[in-house]
Amino acid sequence: MKTAEIMQRLAAKHPGEAEYLQAVQEVLESIEEVYNQHPEFEKAQIVERMVEPDRIFTFRVTWVDDKGQVQTNLGYRVQFNSAIGPYKGGLRFHKAVTPSMLKFLGFEQTFKNALTTLPMGGGKGGSDFDPVGKSDAEIMRFCQAFMLELWRCIGPDQDVPAGDVGVGGREIGFLNGMYQKLARQYHTGVLTGKGMTFGGSVLRPEATGFGALYFTQHMLHKAGKDIKGMRVALSGFGNVAWGAAIKAVQLGAKVVAISGPDGVCEIKDGITPEMIDYMLVMRASNHNKVEEMAQKFPAQAKFTAGKKSWSVPCDIAMPSAFQNELSLEDAKELEKNGCKICAEISNMGCQADAIHYMQKQGFLFAPGKAVNAGGVATSGLEMTQNAEHLSWKGEEVDERLHHIMESIHEQCVKFGTQADGHVDYVKGANIAGFMKVATAMLEQGII
Ligand code: GLU
């Protein structure tokens with residue numbers, strides 16, 4: 001297998017699908033050497049099969065806004081790979097959603113889910129619906145209209161969606177209600193990230209952020225460092241940044257930045273519990289403006305319009321908002337300000353040249369599919385609880401999450417340790433995920 005040749009073919013077949021091609025390129029680059037040591041992979045055309053989704057559903061979603069006007073959006077579900085279990089992955093509601101974006105996310109999800117140790121395949125879905133400025137009633141009507149199409153594609157042993165950007169507990173509640181109404185199936189395991197009164201798992205909302213910090217702790221520990229006292233810059237202020245902020249503070253770190261599409265809030269003395277709670281209020285408002293944090297806490301938070309979190313001096317950068325949110329220039333600025341650690345929480349949060357630069361400059365760098373896997377892992381734990389018709393205590397979920405993140409870190413070290421002893425976490429995560437999915441595909445024949 002030659003990455004360049006495969007990429008050329010894929011680019012010709014899927015012109016303009018930039019995010020998808022970027023995600024595939026990163027994985028193929030990492031696995032090429034290992035792949036070529038296994039002629040059985042080549043014989044079964046594992047890579048050629050793995051880079052294409054099993055299927056994609058595309059549907060029209062029509063709903064009525066508060067003014068009585070008819071609105072039409074597009075909805076999608078990408079069922080990427082089911083070699084190791086039912087399709088599993090979130091739904092993204094964002095105005096920029098395209099098939100390319102969901103294909104990249106579904107592809108990433110396949111490897112991430114393989115790393116979790118749980119039997120979950122990869123999927124992703126969503127819509128170009130823009131939640132910004134929408135009322136609760138509009139969100140509900142959109143979710144119901146979206147489910148009117150989606151329900152036929154999903155099921156607890158088939159495909160289990162969850163949240164992602166623009167889809168949190170509120171949206172999952174509306175989606176789940178409509179699913180039950182349409183399917184007349186009342187099992188609890190068809191969506192994850194549910195409310196605690198209808199089959200949700202304790203700690204699922206916090207899990208992506210908590211898991212990211214557990215992973216980072218292991219990575220720092222391996223490098224002989226301690227997170228205590230370190231300054232952490234997060235981006236965004238959504239569910240992921242919220243969970244990460246809680247755990248970072250619990251572990252003795254200082255969260256010095258959060259951001260939004262409007263700019264950055266620098267929090268010199270570190271985020272407080274009141275500010276962390278306020279992140280939830282900001283998310284629920286659908287205003288999508290981080291400036292509101294500085295308006296509410298003017299003595300602690302300084303807002304700068306148009307700037308990113310990477311302009312704030314920090315020790316650990318944790319992109320936690322959107323793909324490609326950290327550029328080469330941002331990486332250089334981080335380094336100039338003394339930062340040498342980056343743990344990606346968002347999916348493909350860093351641009352490829354930024355990752356290459358950071359690795360060359362000796363940053364400790366870990367990719368999203370390892371760092372953020374605690375979210376989907378806890379979704380897997382929610383599925384287990386639903387299948388058992390039980391709900392576990394917080395300590396049990398937290399302990400399992402911790403073990404899973406430790407195991408992901410171990411897999412990265414196993415497959416990513418280089419001749420000079422340093423760990424290439426990008427390679428480690430990609431090879432570990434790939435080997436599991438490839439082996440599962442190989443053993444199940446040509447299908
Ligand atoms: N959207 C999250 C992710 O990117 C969670 C998916 C899930 O829980 O299924 O992994």
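Placed above this text is the structure.
The notes below deal with the structure included here. (Residues numbered from 1 in each chain as written. Predicted model: local features only at pLDDT ≥ 70, side-chain atom pairs only at ≥ 80, totals over all residues. Heavy atoms only, no water.)

### Describing the sheet that holds strand S2 (residues 70-81)
And then number 1: With mixed pairing, the five strands of this open sheet are ordered in space as S1-S2-S4-S3-S5. At either margin of the open sheet sits one strand with a lone partner, and together these are strand S1 (55-64) and strand S5 (159-162). Shown here is a sheet whose adjacent strand axes are inclined to one another by a mean of 20°, direction ignored.
And then number 2: As judged from the four bridges shared by strand S3 (residues 87-93) and S5, these two strands associate in the parallel manner. Across the sheet, the residue bridging to Gly90 is Ala162, located in S5.
And then number 3: Across the face of the sheet, helix H5 (residues 99-115) comes into contact with S1, S2, S3 and strand S4 (122-127) while running at roughly 150° to S4. (Pairing = 2+ DSSP bridges. Helix = DSSP H or I, 4+ residues; strand = E, 2+ residues; numbered from the N terminus. Axes fitted to C-alpha atoms, helices over the stretch in contact; angles between N-to-C directions. Contact = heavy atoms within 4.5 Å.)

### So, the nonpolar core
And then number 1: Formed by 68 residues in total, the largest nonpolar core has its most connected members in Phe215, Leu234, Ile258, Met293, Met318, Ile408 and Tyr425.
And then number 2: Broken down by element, this core gets its largest block of residues, eight residues, from helix H8 (residues 204-222).
And then number 3: When neighbours within four sequence positions are excluded, Met293 is seen to be in contact with Ile258, Cys265, Met275, Tyr278, Met279, Met282 and Ala301. (Core = buried A, V, L, I, M, F, W, Y, C linked by side-chain atoms within 4.5 Å. Buried < 20%, exposed > 50% of the residue type's maximum accessible area, 1.4 Å probe, protein only.)

### Quick word on the packing of aromatic side chains
And then number 1: Per the counting criterion, the structure on display carries 16 aromatic pairs.
And then number 2: Arranged with centres 6.0 Å apart and planes meeting at 85°, the rings of Phe93 and Phe129 form a pair that is edge-to-face. Here the residue Phe93 occupies a position in strand S3, and Phe129 occupies one in the loop between S4 and helix H6 (136-150), the gap between them amounting to 36 residues.
And then number 3: Consider the rings of Phe93 and Phe142, whose centres lie 5.1 Å apart with planes at 90°: the pair is edge-to-face. Here the residue Phe93 occupies a position in strand S3, and Phe142 occupies one in helix H6, the gap between them amounting to 49 residues. An identical accessibility class is assigned to Phe93 and Phe142; each is buried.
And then number 4: Here a set of aromatic residues connected by ring pairs shows up, and it is made of Phe59, Trp63, Phe93, Phe129, Phe142 and Phe146.
And then number 5: A cation over an aromatic ring shows up here: Lys332 above the ring of Tyr357, its NZ or CZ 5.6 Å from the ring centre.
And then number 6: We note Arg400 situated over the ring of Trp392; from NZ or CZ to the ring centre the distance is 4.3 Å. (Phe/Tyr/Trp six-rings, centres within 6.5 Å; stacked < 30°, edge-to-face > 60°. Lys NZ or Arg CZ within 6 Å of the ring centre and 35° of its normal.)

### Quick look at the pairing of strand S6 (residues 231-234)
Note on strand geometry: in a regular strand, side chains alternate between the two faces of the sheet.
And then number 1: As paired strands, S6 and strand S7 (residues 254-260) are joined by three bridges and run parallel to one another. Counterpart to Ala233 in the pairing with S7 is Ala257.
And then number 2: A crossover connection joins S6 to the parallel S7 through helix H9 (residues 239-250); in handedness this β-α-β unit is right-handed.
And then number 3: Where S6 meets strand S10 (residues 316-318), three bridges bridge the pair, whose relative direction is parallel. Within the sheet, the bridge partner assigned to Leu234 lies in S10 and is Met318. (Right-handed = clockwise from strand over helix to strand, strands pointing away.)

### Description of the pattern of salt bridges
And then number 1: Under the defined criterion, the tally for this structure stands at 18 salt bridges.
And then number 2: Its salt-bridge partner being Asp66, residue Arg141 comes within 2.7 Å of it at the nearest N-O pair. Taken as a pair, Arg141 in helix H6 and Asp66 in the loop between S1 and S2 lie far apart in primary sequence, 75 residues in all.
And then number 3: Among the residues examined, Arg141 registers a relative accessible area of 28% and is labelled partly exposed.
And then number 4: Judged by its relative accessible area of 46%, Asp66 falls in the partly exposed class.
And then number 5: Across the pair Asp330 and Lys308 runs a salt bridge whose closest N-O atoms are separated by 2.5 Å. Of this pair, Asp330 sits in helix H12 (residues 328-336) while Lys308 sits in the loop between strand S9 (302-305) and S10, and the two are 22 residues apart along the sequence.
And then number 6: Judged by its relative accessible area of 36%, Lys308 is partly exposed.
And then number 7: Salt bridges linked by common partners bring Asp136, Arg170, Glu171 and Arg283 together as one network. (Salt bridge = Lys/Arg side-chain N within 4 Å of Asp/Glu carboxyl O.)

### Some points on the environment of Ile246
And then number 1: By the element assignment, Ile246 lies in helix H9.
And then number 2: Ile246 sits 37 residues away from Gly209 along the chain, and the two C-alpha atoms are 8.0 Å apart.
And then number 3: Each residue touching Ile246, except ones within four places of it in the same chain, is listed here: Glu206, Phe210 and Ile276.

### Let's talk about the site of the ligand
And then number 1: Close contacts around the ligand come from 13 residues, with Lys88, Lys112, Gly163, Asp164 and Ser379 the closest.
And then number 2: At 3.1 Å from an oxygen atom of the ligand is found a side-chain nitrogen or oxygen belonging to Gln109.
And then number 3: Elements represented by at least two residues in the shell around the ligand include exactly S3, H5 and helix H15 (373-388).
And then number 4: The element that contributes the greatest number of residues to the shell around the ligand is S3, accounting for three residues.
And then number 5: Broken down by class, the residue content of the shell around the ligand amounts to two nonpolar, six polar and five charged. (Near = heavy atom within 4 Å. Polar contact = N/O pair within 3.5 Å; in protein donor to acceptor, adjacent residues only side chain to side chain. Nonpolar A, V, L, I, M, F, W, Y, C, P; charged D, E, K, R; others polar.)

### Considerations on the sheet that holds strand S12 (residues 364-366)
And then number 1: Pairing is mixed in the open sheet, where seven strands are placed in the order S9-S8-S7-S6-S10-S11-S12. Strands at the two margins of the open sheet, each flanked by one partner only, are S9 and S12. Averaged over all pairs of adjacent strands, the angle between their axes in this sheet comes to 15°, without regard to strand direction.

### Things to note about the side chain of Thr208
And then number 1: Of note, Thr208 is situated in helix H8.
And then number 2: Non-local contacts of Thr208, meaning those with residues more than four positions away in its chain, are made with Val240, Ile345, Val371, Asn372, Gly374 and Gly375.

### Examining the side chain of Asp65
And then number 1: With respect to the helices, strands and loops of the structure, Asp65 is situated in the loop between S1 and S2.
And then number 2: Here Asp65 is buried and forms no salt bridge, its nearest opposite-charge partner Lys67 lying at an N-O distance of 4.9 Å.
And then number 3: At a separation of 2.9 Å, a polar atom in the side chain of Asp65 contacts the main-chain amide nitrogen of Lys67.
And then number 4: A distance of 2.9 Å separates polar atoms of two side chains, one belonging to Asp65 and the other to Gln71.
And then number 5: Apart from the residues lying within four places of it in its own chain, the contact partners of Asp65 are Gln71, Glu138 and Arg141. (Lys, Arg positive; Asp, Glu negative; His and termini not counted.)

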